[in-house]
Amino acid sequence: MKIVDMHCDTLMKGWNVPGKALYDAPDFSINFKLLKGNQSFVQFFAMYLRRDIDGNLRDIDEAYEILGGMHKYYTEQMELNKYLIRPAYSVSDILKNKEEGLMS
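Definitions and cut-offs
Residues numbered from 1 in each chain as written. Predicted model: local features only at pLDDT ≥ 70, side-chain atom pairs only at ≥ 80, totals over all residues. Heavy atoms only, no water. Helix = DSSP H or I, 4+ residues; strand = E, 2+ residues; numbered from the N terminus. Contact = heavy atoms within 4.5 Å. Areas by Shrake-Rupley, 256 points an atom, 1.4 Å probe, with all protein chains shown as cover. Phe/Tyr/Trp six-rings, centres within 6.5 Å; stacked < 30°, edge-to-face > 60°. Buried < 20%, exposed > 50% of the residue type's maximum accessible area, 1.4 Å probe, protein only. Patch = residues over 30% accessible without salt bridge, like charges linked within 9 Å, V, L, I, M, F, W, Y side chains within 5 Å. Salt bridge = Lys/Arg side-chain N within 4 Å of Asp/Glu carboxyl O.

## Regarding the overall build of the protein chain
Working step 1: Helix and strand counts for the protein chain come out as four helices and two strands.
Working step 2: Taking the contacts inside the protein chain whose residues are at least 6 apart along the sequence as the reference set, 54% of them involve residues at least 24 apart.
Working step 3: Only carbon and sulfur atoms are counted for the fraction: they give 56% of the accessible area of the protein chain, which is about 7000 Å².

## Let's talk about the packing of aromatic side chains
Working step 1: This model, assessed by the stated rule, comprises two aromatic pairs.
Working step 2: Ring geometry for Phe32 versus Phe45: centroids 6.3 Å apart, planes at 85°, classification edge-to-face. Here Phe32, found in helix α2 (residues 32-37), pairs with Phe45, found in the loop between β2 (40-43) and α3 (60-80); they are 13 residues apart in sequence, far enough to count as distant. Taken individually, Phe32 and Phe45 each receive the classification buried, so the pair is uniform in this respect.
Working step 3: Site record: aromatic cluster; members linked through ring pairs are Phe32, Phe45 and Tyr74.

## Considering the environment of Lys13
Working step 1: Following the sequence through the fold, Lys13 ends up in helix α1 (residues 10-16).
Working step 2: As a C-alpha pair, Lys13 and Asp27 span 14 residues in sequence and 9.6 Å in three-dimensional space.
Working step 3: Apart from residues no more than four positions distant in its own chain, Lys13 is found in contact with Phe28 and Ser29.

## A short note on a nonpolar patch on the surface
Working step 1: On the surface, a nonpolar cluster with roughly 300 Å² of combined accessible area is contributed by Val4, Met6 and Phe44.
Working step 2: With respect to the secondary-structure elements, Val4 resides in strand β1 (residues 3-5).
Working step 3: The exposure class assigned to Val4 is partly exposed, which follows from its relative accessible area of 42%.

Written as structure tokens, this is what we have:
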């Protein structure tokens, strides 16, 4: 069965642990090795900010740093694992990746 996971906060975890590989991180809810083994088809990666302890929005500079770090982690991990998974920005990208035996 092909699986599409619509939400995943793994990027926050990866950004918080510099050098952590997304290929086979055993302490992450998902990793690329698990996705491939489970015949996953599409994985949505979420980048979001939690409010601080008091429920307030974060400072804009802090928010920019966090989101930038998560995006950098995402792009690095996608590049390192491009033989397994590629970004998709449209249905046609998903179908092209599928034809090439890749996850999106």
